[in-house]
Amino acid sequence: MEYRIEISPLPEWKDARAEKIKNQIRNFLKLDIADVKTRDVYTMSAGISQAQAETAAREIANPVLQKGIVGETRFNESNACDWLVRVGFRQGVTDNVGRSAHEAIGDIVGRKLRDDEYVFSSVEYMLSDAWLDRKKVEHIAKDLLANELIENVSIFSKADLLKNPIPLELPIVRESGGGNVKEIDLEVSDGELLDISKKGILALTLEEMKAIQDYFRRAEGRENFKLGKKPTDVELEVLAQTWSEHCKHKIFSAEIDYEDEKGNIENIKSCFDTYIKKSTREISKKIDWLVSVFHDNAGVISFNDKLDLVYKVETHNSPSALDPYGGAMTGIVGVNRDPMGTGLGANLLINVWGYCLGSPFTDEKDVPEGLFHPRRLRDNIHRGVIDGGNQSGIPYGAGWEYFDERYLGKPLVYCGTVGLLPRKIGKNKGFEKSIKPGDLIVMSGGRIGKDGIHGATFSSEELHKDSPNQAVQIGDPITQKKMGDFIYEARDKSLYRFVTDNGAGGLSSSIGEMCTYSGGCRMDLKKAPLKYAGLDPWEILVSEAQERMSFAVPPENIEEFKKLAESRDVEVTVLGEFTDTGKFHMLYGEKTVALLDIEFMHDGLPQLKLKAKWVPPKHKDPAFKGRNIKDDVVSLLGRLNICSNEFKSRQYDHEVKGLSVIKPFAGICRDVTSDATVTMAEPLGKEGIILSYGILPRYSDIDTYHMMASIIDLCIRRIIAVGGKPEHIAGLDNFCWPDPVKSEKTPDGEYKLAQLVRANKALYDYTKAFGVPCISGKDSMKNDSTRGGRKISIPPTVLFSAISRMDDVSKAVTLDVKRPGDSVYVIGQTRKELGGSEYFAMMGAVGCHVPVVDASLAMVTYKAVSEITQNNLASSLHTPAIGGLAGAFAKKAMAGRLGLEIDIDKIPCESGMSPEEILFSESNSRFVMTIKPENEKSVEKILKGLSFAKIGFVISKQELILNSVVACSQASISMTEMIKSYKSTLDGI
Amino acid sequence: MDYSKVKVLIITGFGLNCEKETAAAFSSCGATPEQIHLNDILNGGRSLDEFHILAFIGGFSFGDHLGAGTIFANRIKFRMRDELQKFVASGKLVIGICNGFQTLSRLGLVPALDGHFFEQQAALAHNDSGLFRDDWVYLKANPDSPCVFTKGIDLIRMPIRHGEGKFVAREKEIARIEEKNLVALRYANSDGSVATEFPANPNGSINSIAAICDESGRIFGLMPHPEAFLSPFNDPDWTKKKSEDRLPADGEGKIVFRNAVKFAAKNLF
């Protein structure tokens, strides 16, 4: 029987969802609408009686708040809305609420509903206003209420509603067949080879297609499995996925001839090996806390006798551009599976997020055709990560946003997760995993559909108008949470030998990787559990349907493994076994559909050879005279890259698990961004984890070398600023670049590649100098968009993330000034380095002197400052970043809701600097500290030999006073003005 | 007194996620908590009879789909109602925190006016803002409440983290809840006055209600998270307190659990 269950809010209560929609219609679409109402609808096809359906409607509805009925509340002239918009999912799109309703109705009717009984969720919006017509309703529906890529929209007018009932919509996938395998003839011209790659969204180059052609000419033993000389579509898809930029990092592995500004040419074998890996390798000789780097799903460092720390940060840019909510949710829920699949499986502890976006205030006409307005994009990206993170019960430990109009074409969505890995699990080391021939291939979690097919190859392409909609997956945090809970139980019983996640490339990638441990695999794709019929073997293999993990389970444990899974409502399926035949062997039933040499799969990819040429860009410092310091400070605080994003941030849980010590927002009103966060490893624990990040894309406009140096320094000094020490810090590098390969579309490819090389050179130089090894990283290399004849490329962007161990969380420090009378100190030299600064950006200029880093001097400073915090001598501590000292003074004052009186002339700086230059330069490696007067002697003794000065006092007057006698300049900014500017830009947005 | 004989059942699974800190809360008060998956109780492997305190913890059971607490409460109501009824009738303690409070309200275990258990009389609706919010709030305890868990509390601070925490009931029920002093905690300002405005009242709850109990005071539901304030270093103001030499040894939230464990040890053996 088919039913419609309708759940409506009772009229006596406020409909918060309707209010929110009303506000969004006003804010996003600039339309004022008189009335909005909403209701939830569940449509189902199930073998239950009318009476059972009615019980279900009654039990689902909250009797205090809602009314639940079977059928439809019919409208009449007096109660009808003007328009009704129904939004439901398209066929085959993950419907998490529908799936929960399926379970809930099962509980109510007393039996589990079967797979061929369906429940779908949808929402009906009832809009009323005189000015509404079909066109305007369509605009509201498509540009706000629904994303047509994944959702179906139906619109009904008042006349429709009065005449006919709303048709019951059941988006059941009615596919049949499937299981088809095609052979592909590669004995064709070069042009046709490229055509095959392009049409199949394989993202393979001609050289790569030729390497594949050559492999199949010489492949042996295929006839034994009834395969011909031609590759099957399964084989081609596996290779395309394994060799994708996303999985193989072809540009980071490319051989590059780099020409510097003097014409010297250097041959680089691979940026990854030459710079990133080499630095870590060299540092590893001097430290003993690196546990597992680069080869597993996430990097691992030691924490204490019982636990290791696991950390990974990913980007999920392309899917988030197409379906910001689902894409971003998949970003966070997906990166959760990295620690979960590292070693024998780490428990998830802290999430981080960060987004590079176009301004939410961008004029509608500047938004490229077919892309979301950045405000809507931002809203949905936040919502996706909020829902994903909150529902998984993981607090966030760092969250940020960076705005630049060059992210209009493609947003960058960074999501990361810290995990805790037990050092010992049973008899095994937590970080070690192994597979023996004969172990069973087991998949757990969600079922496979067409979702996310070609995600890996697609993310390696630039966005174009026909980007496939199946490239978007929607995460389901609850299915994953259930699976995670199950995995930790199975782990602690040592039921499996190996676990990894199914991310980009799906089973093809996870089993492709895993089989290198045993030396082969044989797997039957027909055994894989499907969401619906009609999938071909290649689709099953490369689908990126979410919430799945792959295991190697010894045959003697399989029954217990399956039993445990069943008792936790987790689906697990044995798909085959690991072998030592050297082959990646895929079957569909009895029939072999792929037979590839593992060696060729992983090492057959021809190395890319590229050219890079560095020509330093020419910018001029802007001339500035007669500016008003007070006005500048106030406007700077309200700038998008400095102002508070508390409104959005508070929608993320940061207190769950009860471990938060230094929170993302600090100060007596909890409303000023902290330098870094400190989290206890365990409830009531003494040891903590410090997380910090650095991102300064604007510096790339001058030189990516100094951009990279500055973000590494920023990360480290932020750790020092919350009471950390310069030892035991590990780094993560996430590169997002515009396409750096010279081509017709990218004539400046050699310059962009030189920018990449220079960033890598700095990464080597500075991670080594600071002794901060990179333990994991990721790159995303095609962040361009061409639409409506306009190409937008992102600025070369690196997110550097750092993680550090803290022995004793009671030593942590916050930035808020604590009491009037405390002395204010500046530590570190201020130089005339305003290139790339927010101050210059405010004037519309770039400038030429980008901040540089003197690592050895910085290291001495960091050791001294950490000695101060270890001895509990600092009342408050903060490190300037974007906005320089002026921003730092203001933030410290606002956080403590106390004033500061600062003598600019005393700030240690290069000679000949104006007050503006001193206040707004973004020189690295500096701190602003307040201390009790009685601690001055001890502090100055520790700082001896360094560049530092006492420059003022904390005052009870609610003002930031900035004086320079030398320059005859005095500025006094009231607390109210500062707070208003800092908090209003993104308040409610 | 030996509190370790006080056994606490912490039900886990299906998207609940505060099991570890809730267990730490009870064990730091000397009790013996166990984290048990709901299925292991439904399948008869474990029984409520073994325990003295039952904790419905925070999290997102079933993703809050169909309304927070709805699916979890229905599963319990349709599959283990008798066992739960017996547990309550035997004078044992129940605490529901956040998602647990939402579940208790859906089950009708609080306020259960006139002893009408399993009849829903109050609800936790969407916050007035329509948004999830994470913040710290002050809470003022009602000294006249029979609530076992809030004894000795005057003004206390805890984090809130929810999207559906606005306490509502029909006027008639609100009046009786107030009359019987079933309100245990109200959102307050830092000076202890009752908070009527956002953000001190973070969700628009009627009468600023943050926590209620049943008429016996033994069943307690609250939106804020006492288990997330076990350590003094959880306090958002701890660095300021430290610099003024007034940092206490314990987090403020512990008292809620200590009250429960003490009560159980005294009355249930």
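Residues numbered from 1 in each chain as written. Chains lettered and ligands numbered in written order. Predicted model: local features only at pLDDT ≥ 70, side-chain atom pairs only at ≥ 80, totals over all residues. Heavy atoms only, no water.

**Some remarks on the sheet that holds strand 39 (residues 948-955) of chain A**
All names here are of chain A. With mixed pairing, the 7 strands of this open sheet are ordered in space as 36-38-35-39-37-40-41. Of all the strands in the sheet, the pair left with one neighbour each is strand 36 (876-878) and strand 41 (969-974). When the angles between neighbouring strand axes are averaged without regard to direction, this sheet yields 20°. For strand 37 (residues 899-903) and strand 39, the ladder comprises 4 bridges, and the chain directions are antiparallel. Bridge pairing in strand 39 places G899 opposite I955. Against the sheet, helix 25 (residues 855-870) touches strand 35 (823-827), strand 36 and strand 38 (927-931), its axis set at about 25° to strand 38. Sheet strands touched by helix 29 (residues 975-984): strand 37, strand 40 (959-964) and strand 41. Its angle to strand 41, the strand with the most contacts, is close to 70°. (Pairing = 2+ DSSP bridges. Helix = DSSP H or I, 4+ residues; strand = E, 2+ residues; numbered from the N terminus. Axes fitted to C-alpha atoms, helices over the stretch in contact; angles between N-to-C directions. Contact = heavy atoms within 4.5 Å.)

**Focus: the pattern of salt bridges**
Inspection of every chain in the model, using the stated rule, returns 94 salt bridges over all chains. One salt bridge connects K365 of chain A with D363 of chain A, and the closest N-O pair in it is separated by 3.4 Å. Where R161 of chain B meets D653 of chain A, a salt bridge forms, and the shortest distance between an N and an O atom there is 2.9 Å. Taken together, the residues span two chains, with R161 of chain B in strand 7 (residues 155-162) and D653 of chain A in the loop between helix 21 (646-649) and strand 25 (660-662). Neither residue differs from the other here; R161 of chain B and D653 of chain A are each classed as buried. A cluster of three or more residues bridged by salt bridges with shared partners is formed by R99, E103, D107, D476 and K482 of chain A together with R75 and R79 of chain B. (Salt bridge = Lys/Arg side-chain N within 4 Å of Asp/Glu carboxyl O. Buried < 20%, exposed > 50% of the residue type's maximum accessible area, 1.4 Å probe, protein only.)

**Examining the sheet that holds strand 9 (residues 290-292) of chain A**
All names here are of chain A. Judged by pairing direction, the sheet is mixed, and its 6 strands sit side by side in the order 9-10-11-14-12-13 without closing on themselves. Either end of the sheet is taken by a strand with one partner, and the two such strands are strand 9 and strand 13 (396-403). Sheet twist, expressed as the average angle between the axes of neighbouring strands with direction ignored, equals 20°. Note that strand 12 (residues 347-357) and strand 14 (residues 412-422) share 9 bridges and pair antiparallel. Residue I350 lies in a different strand from strand 14, and its bridge partner there is V418. Against the sheet, helix 12 (residues 324-340) engages strand 11 (307-315), strand 12 and strand 14, with an angle of about 25° to strand 14.

**Some thoughts on the interface of chain A and chain B**
Contact with chain A, which involves 64 residues of that partner, is made by 63 residues of chain B. With both sides pooled, the region where chain A packs onto chain B buries about 5400 Å², and carbon together with sulfur makes up 56% of that total. Summed over the shared surface of chain A and chain B, the number is 10 salt bridges. Residue D135 of chain B is joined to R650 of chain A by a salt bridge in which the shortest nitrogen-to-oxygen separation is 3.7 Å. On the surface where chain A and chain B come into contact, there are 32 residue pairs in polar contact (both at pLDDT 80 or more). Elements with a minimum of two residues in the side of chain A that touches chain B: helix 1 (16-29), helix 2 (50-60), helix 3 (96-109), helix 13 (374-392), helix 15 (477-492) and strand 25 of chain A. (Buried area = accessible area lost by both parts, 1.4 Å probe. Polar contact = N/O pair within 3.5 Å; in protein donor to acceptor, adjacent residues only side chain to side chain.)

**A few points about the packing of aromatic side chains**
Residues and elements named next belong to chain A. Following the criterion strictly, the structure yields 34 aromatic pairs over all chains and no others. Where W353 meets Y396, the ring centres are 5.4 Å apart and the plane angle is 40°; that geometry is what we call tilted. With W353 in strand 12 and Y396 in strand 13, the pair connects residues that are 43 residues apart, well separated along the chain. Of the residues examined, W353 reaches a relative accessible area of 2% and is grouped as buried. A centroid spacing of 5.7 Å and a plane angle of 10° characterise the contact between W614 and Y751, whose relative ring orientation is stacked. Here W614, found in the loop between strand 24 (609-613) and helix 20 (629-637), pairs with Y751, found in helix 23 (residues 749-770); they are 137 residues apart in sequence, far enough to count as distant. Taking relative accessible area as the criterion, W614 reaches 4% and is therefore assigned buried. Overall, Y751 belongs to the partly exposed group, its relative accessible area being 24%. Each residue in the set Y705, Y766, F770, Y862 and F927 is aromatic and connected to the rest through ring pairs, giving one cluster. We note R718 situated over the ring of Y693; from NZ or CZ to the ring centre the distance is 4.9 Å. (Phe/Tyr/Trp six-rings, centres within 6.5 Å; stacked < 30°, edge-to-face > 60°. Lys NZ or Arg CZ within 6 Å of the ring centre and 35° of its normal.)

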